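Examining the three-dimensional arrangement
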Amino acid sequence: MEGLVAQCSARLLQQEKEIKFLTAEIDRLKNFGSIGVSPNLEQLREENSKLKYRLKVLQKSLQAERNRPTKSMININSRLQELFAYAIKAAYPDLENPPLVVTPSQQPKFGDYQCNSAMGLTKMLLKTKEEKVNPRDTAGNVVKHLPDNEYIEKVEIAGPGFINVHLRKDFVSKQLTNLLVNGVQPPTLGERKKVVVDFSSPNIAKEMHVGHLRSTIIGESICRLLEFVGYDVLRLNHVGDWGTQFGMLIAHLQDKFPDYLTVSPPIGDLQAFYKESKKRFDTEEEFKKRAYQCVVQLQSKTPDITKAWNLICDVSREEFKKIYEALDISLVERGESFYQDRMTDIVSEFEEKGFVQVDDGRKIVFVPECSVPLTIVKSDGGYTYDTSDLAALKQRLMEEKADIIIYVVDSGQALHFQAIFAAAQMIGWYDPKVTRVSHAGFGVVLGEDKKKFKTRSGETVRLIDLLEEGLKRSMDKLKEKERDKVLTPKELKAAQTSVAFGCIRYADLSHNRMNDYIFSFDKMLDDRGNTAAYLLYAFTRIRSIARLANIDEEMLQKAAKETNIILDHEKEWKLGRCILRFPEILEKILDDLFLHTLCDYLYELATTFTEFYDSCYCVEKDRQTGEILKVNMWRMLLCEATASVMAKGFDILGIKPVQKM
């Protein structure tokens, strides 16, 4: 429906331009003698009036469709943008791509939202038409063309041409009721899309370390968000399970556990096993030769060698599983080995299209805007990461038929992915205007000395050790606050896990992913400021308000359907608007994949709630006896709406709140 309205509006504007041009042409010719009315002009005018009628019908249908009850939450900013886009087009039909800037206001005196397009429009008019206009007059012209709508109470023109928008209280109240009755629902985004997210991706036979933490946490949250808005998400773990290192591991396995084919080898410490085999590979020439033979046999799929390879992979999987289960991470493993049989075809396709050059025995491919070529075959005939990544990308595009592909890999790989994506476009696998292929890069984790995060002995920090340390510190913090004296052992354990893993996740996600961040347990576990500890405590406090007033879920659901949410107090109004910005925040993250925006929003929501709670009585009690005298149910519903949005925000971030802490 919205697409039809847009098409009709575009055709109408084009016709009006043509009518204007023909009318001017006739007037010009009239000056040189008599001339009748152009039949072309009459035809255009007739079609134009039909189009205007059709547009009116379509706009009415669209409004009726929007007014129909829906469970989806509304992105208010998007709706206001549509209104102002229409008004700007109606006020200035000749301007191509006019600026459209609508943002939430920073101060109440400037309304709830601001449209700041007038200054840009004024510059555009001066540049394209040489019209010198006051920006305030431009703003006035835009306001004059705003269509009737259910969102705006009033608009004011301020300063040099800012348009301050005040929302209708009945509209905000209605949206809050919709949220409470239907639960927190995603905004409507159109057709369902297939998305592939490549994240975590540890190497087999090596332990997961702190470097894998960011990819795993960021990737999981991106997937949760995409799933919440209704997309079909394939979560892929592109593990490093292929390559020359497996030759030395298999050869070492054969020597250390000769009966591995019949008795499962007790490889306790795979990291130590890897170091032993690497040492032999570097120092024993005979072992090195045998390791290379094992690689050839693995590539030829020799059964005994394949079994040895599977045994090594299984030991790693068990270790990875512990971490994924602790952090509640869900993945489908599809390692480099999955793409081995596809690589020959990839090389042939690039050769057939004439993109391959031979350089010192290597087969290379130069891609647009990349100074370093891709190497798709090494001089010894072997394939590279470039080849396997091209094979993986093609499989995801052609076989998975993905509309969106996201790689959550550190920023050090940015140039590599730029080249891979450019090569895929060059060969015609996808059009970036149709299919979105993105690299969601991220910085490194630093220690408190601002150097790469290491153990005291200089080793890379094992991820499992980090999680265990988090659990220990979390329990220490809870006991320091004497929570062990008021919580049951089960509640204490739940709080410990919630705080430990929630804090580790939030510390990562609350930073702009492109920046490096300093890992500090002390800062993470601080219950002041923008931390998971603060938000988790705030959440349990909000949830306890109804419980302490003896109001259960059933009573809240009944009240949601029957109680009008009053927003007369400035803090009620501020909280109500803040709650309803949730879909706007989600759509922004879907666009740029920066999850710190959600963390900032949750912190703002928690602090806005505190302001509301300090100023507005939800439950009025007798000061002497503590007896409940009155429950202001509309305020209890604001508490419930805040908690519901926070709970969904936590869910997207992978944080598990608890009812008691």
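Remember, predicted model here, so these are calculated numbers, not experimental data.

1. Here's the deal with the overall build of the protein chain
Per the secondary structure count, the protein chain includes 23 helices and 16 strands. Buried residues in the protein chain amount to 48% of all 661 residues. Summarising the internal contacts of the protein chain: among those between residues at least 6 apart in sequence, 73% fall at separations of at least 24. Accessible surface for the protein chain amounts to roughly 33,100 Å². Of this, 50% is attributable to carbon and sulfur atoms.

2. Re the pairing of strand β12 (residues 436–439)
For strand β11 (residues 404–407) and β12, the ladder comprises four bridges, and the chain directions are parallel. By the bridge assignment, Ile404 is partnered in β12 with Arg436. Since β11 and β12 lie parallel, the crossover through helix α14 (residues 414–426) that links them has a hand, and here it is right-handed.

3. Section: helix α21 (residues 582–592)
Because each turn of an α-helix spans 3.6 residues, side chains separated by three or four positions end up pointing in the same direction. Along α21, eight of the 11 residues are buried, which leaves the element largely enclosed by surrounding structure. Regarding α21, the residues found buried are Phe582, Pro583, Glu584, Ile585, Leu586, Ile589, Leu590 and Asp592. Positive backbone phi, approximately 60 degrees, marks Leu593, located one or two places after α21.

4. Regarding the pattern of salt bridges
Applying the stated rule across the entire model yields 44 salt bridges. Linking Glu150 and Lys174 is a salt bridge whose minimum nitrogen-to-oxygen distance equals 3.8 Å. With a gap of 24 residues between them, Glu150 in the loop between α5 (135–144) and β3 (152–158) and Lys174 in helix α6 (residues 169–182) connect regions that are remote in the sequence. Note on Lys174: relative accessible area 47%, which makes it partly exposed. With a shortest N-O distance of 2.9 Å, Asp465 and Arg462 are connected by a salt bridge. Among the ionic contacts, a cluster of salt bridges with common partners joins Glu220, Arg224, Glu227, Arg235, Asp328, Lys648, Asp651 and Lys656.

5. Examining the sheet that holds strand β5 (residues 194–198)
The strand order β7-β6-β5-β11-β12 describes an open sheet built from five strands, whose pairing is parallel. Looking at which strands have only one partner, the edges of the open sheet turn out to be β7 (332–333) and β12. Bridge count between β5 and β11: four bridges; the pairing is parallel. Each residue of the ladder has a partner; that of Asp198, found in β11, is Tyr407. Along the sheet face, α14 touches β11 and β12 and points at about 165 degrees away from the line of β12.

6. Quick notes on the packing of helix α11 (residues 303–326) against helix α15 (residues 463–480)
Following both chains from N to C, one finds α11 and α15 inclined at 35 degrees, their axes separated by 10 Å at the closest point. The way α11 lies across α15 gives a crossing that is left-handed. From α11, Lys322, Ile323 and Ala326 reach across to α15, where they touch Leu463, Ile464 and Leu467. For the contact of α11 with α15, a count of residues per class yields five nonpolar, no polar and one charged.

7. What about the sheet that holds strand β4 (residues 162–167)?
Through backbone hydrogen bonds, the strands of a sheet pair up, either in parallel or in antiparallel fashion. Strand order in this open sheet of four strands is β1-β2-β4-β3, and the pairing throughout is antiparallel. Strands with a single pairing partner mark the edges of an open sheet, and in this sheet they are β1 (102–104) and β3. Neighbouring strand axes in the sheet, compared pairwise and without regard to direction, differ in orientation by 25 degrees on average. As paired elements, β1 and strand β2 (residues 113–115) share three bridges and run antiparallel to each other. Following the sheet pairing, Val102 is matched in β2 by Cys115. Along the sheet face, helix α3 (residues 76–91) touches β1, β2, β3 and β4 and points at about 150 degrees away from the line of β1.

8. Side note on the packing of aromatic side chains
Scanning all chains against the criterion turns up 16 aromatic pairs. A centroid spacing of 5.8 Å and a plane angle of 70 degrees characterise the contact between Phe281 and Tyr292, whose relative ring orientation is edge-to-face. Taken together, the residues Phe281 in helix α9 (residues 270–283) and Tyr292 in helix α10 (residues 285–299) connect sequence positions 11 residues apart. Grouped by ring-pair contacts, the aromatic residues Phe350, Phe355 and Trp429 constitute a single cluster.

9. Description of empty space enclosed by the protein
Tallying each qualifying case throughout the model produces three cavities of 30 Å³ or more. In this structure, the largest cavity occupies an estimated 50 Å³ of space. Met73, Ile74, Ile76, Gln175, Asn178, Leu179, Leu580 and Pro583 together form the lining of the largest cavity. Residue contributions to the lining of the largest cavity peak at three residues, all from α6.

10. Some remarks on the environment of Lys89
Looking at the element boundaries, Lys89 is found in helix α3. Judged by relative accessible area, which is 29%, Lys89 ranks as partly exposed. Sequence separation between Lys89 and Val142 is 53 residues; the distance between their C-alpha atoms is 8.7 Å.

11. So, the packing of helix α8 (residues 245–256) against α10
Two elements in contact, α8 and α10, have axes whose closest approach is 7 Å; the angle formed by their N-to-C orientations is 110 degrees. In terms of orientation, α8 lies roughly perpendicular with respect to α10. In this structure, α8 contributes Phe246, Gly247, Met248, Ile250, Ala251, His252, Gln254 and Asp255 to the contact, and α10 contributes Phe287, Arg290, Ala291, Cys294, Val295 and Leu298. Split by residue class, the contact of α8 with α10 holds nine nonpolar, three polar and two charged.

12. As for the environment of Pro186
By the secondary structure assignment, Pro186 is in the loop between α6 and β5. For the pair formed by Pro186 and Gly230, sequence separation is 44 residues and the distance between their alpha carbons is 8.0 Å. Not counting residues up to four positions away in its chain, the partners in contact with Pro186 are Ser72, Met73, Phe228 and Val229.

13. What to know about helix α4 (residues 118–129)
Between its first and last C-alpha atoms α4 spans 16 Å; for 12 residues at 1.5 Å apiece the expected length is 16 Å, and the two agree. Taken residue by residue, α4 has Ala118, Leu121, Thr122, Met124 and Leu125 as its buried positions. Projection of α4 onto a plane perpendicular to its axis shows the buried side chains occupying an angular sector of 160 degrees, all on one side. Residues of α4 that are exposed and point more than 90 degrees away from the buried face comprise Lys123 and Lys127. On its buried face, α4 is in contact with α3 and α5.

14. Regarding the environment of Ala308
Relative to the assigned elements, Ala308 resides in helix α11. In this structure, the C-alpha to C-alpha distance between Ala308 and Ser264, residues 44 residues apart in sequence, is 9.9 Å.

How each quantity is defined
Residues numbered from 1 in each chain as written. Predicted model: local features only at pLDDT ≥ 70, side-chain atom pairs only at ≥ 80, totals over all residues. Heavy atoms only, no water. Helix = DSSP H or I, 4+ residues; strand = E, 2+ residues; numbered from the N terminus. Buried < 20%, exposed > 50% of the residue type's maximum accessible area, 1.4 Å probe, protein only. Contact = heavy atoms within 4.5 Å. Areas by Shrake-Rupley, 256 points an atom, 1.4 Å probe, with all protein chains shown as cover. Pairing = 2+ DSSP bridges. Right-handed = clockwise from strand over helix to strand, strands pointing away. Salt bridge = Lys/Arg side-chain N within 4 Å of Asp/Glu carboxyl O. Axes fitted to C-alpha atoms, helices over the stretch in contact; angles between N-to-C directions. Left-handed = near helix turned anticlockwise from the far one by under 90°. Nonpolar A, V, L, I, M, F, W, Y, C, P; charged D, E, K, R; others polar. Phe/Tyr/Trp six-rings, centres within 6.5 Å; stacked < 30°, edge-to-face > 60°. 1 Å grid on protein atoms, 1.4 Å probe; cavity = no way out; pocket = protein on both sides within 12 Å on 5 of 7 lines; lining within 4 Å. Points joined across faces, edges and corners; volume = space filled by probe spheres on them. Parallel < 35°, antiparallel > 145°, perpendicular 65-115°, else oblique. Expected span 1.5 Å × (residues − 1). Arc of directions from axis to C-beta.

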